[in-house]
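Architecture and fold: a report
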Amino acid sequence: MQLTRSPIVVGVDGSTASLGAVRWAADEAARHGCTLRVVHAMSWEGTADGQGVVLDAAAEARTWQPGIAVETATLGGPAAAVLQDQSGHASLVVIGGRVHDGGLLDTSVGAHLTAFAHCPVLVVNNAWRWADPMSAIPQQAPVVVGVDGSPSSQRALAFGYGEAAARHVPLVALHAGRARPHEAVAAEMEPWLRLHPEVETRFTSRDAPILDAMTEAARTALLVVLGAHRAGWYEHPRPNPVTQLIVHHAASPVLVTRSV
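Rules of the game
For every chain, the first residue of the written sequence is number 1, and numbering continues from 1 along that sequence. Per-residue local features of the predicted model are confined to residues with pLDDT of at least 70, and side-chain atom pairs are confined, for both listing and counting, to 80 or more; whole-chain, interface and lining totals are unaffected and use all residues. The basis for every side-chain value is the complete set of non-hydrogen atoms in the structure, without hydrogens or water. Comment: elements are numbered from the N terminus, with helices defined as DSSP H or I runs of at least four residues and strands as E runs of at least two. For every residue, the accessible area (1.4 Å probe, protein chains only) is compared with the maximum for its type, and the residue is labelled buried under 20%, exposed over 50%, or partly exposed between those bounds. Contact between two residues is taken to exist if any of their heavy atoms lie within 4.5 Å; hydrogens are not considered. Where accessible areas are quoted, they stem from the Shrake-Rupley method and a 1.4 Å probe; at the residue level, only the protein chains shown are allowed to cover. Axis lines are fitted to C-alpha atoms, over the contacting stretch for helices. Their N-to-C directions set the angle, which ranges from 0 to 180 degrees. Every angle not falling under 35 degrees, over 145, or within 65 to 115 is termed oblique; those three ranges are roughly parallel, roughly antiparallel and roughly perpendicular. Within a predicted model, pLDDT stands for the predictor's per-residue confidence, ranging from 0 to 100. At least two DSSP bridges between two strands are needed for those strands to be called paired. Throughout, the arc means the angular range of directions from the helix axis out to the C-beta atoms.

Broken down by element type, the chain carries 9 helices and 10 strands. Residue burial in the chain is summarised as follows: out of 260 residues, 53% are buried. Contacts in the chain between residues far apart in sequence, at least 24 positions, make up 80% of those at least 6 positions apart. A total of about 11500 Å² of accessible surface is found on the chain, and carbon and sulfur atoms cover 55% of it.

With that out of the way, let us pick up the packing of helix α1 (residues 16–32) against helix α5 (residues 151–167). For the pair α1 and α5, the least separation of the axes is 11 Å and the interaxial angle reads 85°. The orientation of α1 with respect to α5, classified from their angle, is roughly perpendicular. Residues Trp 24, Asp 27, Glu 28, Arg 31 and His 32 of α1 form the contact with α5, whose participating residues are Glu 163, Ala 166 and Arg 167.

Turning our attention to the confidence of the model for the chain. Overall, the prediction assigns the chain a mean pLDDT of 87, with 87% of residues at 70 or greater. Within the model, pLDDT remains below 50 along residues 99–106, and this stretch shows 22 contacts once partners closer than five positions in the same chain are excluded. Contacts of residues 231–235 to residues separated by more than four positions or lying in other chains number 2 contacts, the stretch itself having pLDDT below 50.

A few words now on the sheet that holds strand β1 (residues 8–11). The strand order β3-β2-β1-β4-β5-β10-β9-β6-β7-β8 describes an open sheet built from 10 strands, whose pairing is mixed. With one partner strand each, in any of the chains shown, β3 (70–76) and β8 (201–206) form the two edges of the open sheet. Averaged over neighbouring strand pairs, the angle between their axes works out to 20° when direction is ignored. Note that strand β7 (residues 171–176) and β8 share 6 bridges and pair parallel. Bridging across to β8, His 175 finds its partner in Ser 205. Against the sheet, α5 touches β6 (143–146), β7, β8, β9 (223–226) and β10 (254–256), its axis set at about 175° to β6.

With that out of the way, let us pick up the pairing of β9. Of the two faces of β9, the one lined by Leu 223 and Val 225 and the one lined by Val 224 and Leu 226 are each fully buried. Sheet analysis places β6 next to β9, joined by 3 bridges and oriented parallel. Of the residues in β9, the one forming a bridge with Val 144 is Val 224. Strand direction decides the pairing type here: β9 and β10, joined by 3 bridges, are parallel. Opposite Leu 226, over in β10, you have Val 256 as the bridge partner.

Before going further, it helps to examine the side chain of Thr 243. Note on placement: Thr 243 falls in helix α9 (residues 241–249). Take Thr 243: its relative accessible area is 9%, and that puts it in the buried class. If we ignore the near neighbours within four places in the chain, the residues touching Thr 243 are Leu 226, Gly 227 and Val 256.

Moving on, we come to α9. For α9, the full list of buried residues reads Thr 243, Ile 246 and Val 247. Across the axial projection of α9, the buried residues extend over an arc of 100°, all falling on one side.

This is the structure in structure tokens:
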């Protein structure tokens, strides 16, 4: 799936992890032809030099992807609230997860955004790994998509195929649990195989709980893509406990889609 031309927003706080998230966000902006918007949320706990934080991050983004358009913003408020507001005018929000070096953008912000953001959210777990210019983003690891036949997982497949095709990597469609027969979910993959013959696709199934299956797959994945379930259009966004646990525990970046 091609992202809209709205900006890709990346939240930064001066930590190594947020710089790793900037690298992923810059990569996405280059692939999809979007402007990158670097945002720092100012709060009482945050750094006083917010302008320096965003300017440094923007400079790093231009170094990694010289051709992209980059804009910056320093806004008052907690990171979760600021980025949720920014998501209303974004095609994707990116943050670093699993911060261990004193930064503020931790998985609690990711959990909030995956529940309440207005656009897809990419939580770059262990993002500190990608802040080092000498560390290459994996080129052959697969995109893993959680599938169960629901409209939510169909959206996840659309995003997953878009990422896999753009990166020229395989896609693994993973069905876990026993809520539906594995064979039925596998059969529903047939239209996707016809639509994307250019992407090497593998369907795999496990009877294990979804959390266990997805976190295990994330160990060798380039990216995990999940759908944000919602029972009806009339419902307000609400946290999905399993999705949030996967975001928290997965070793790889996790992209949670939205019905946009």
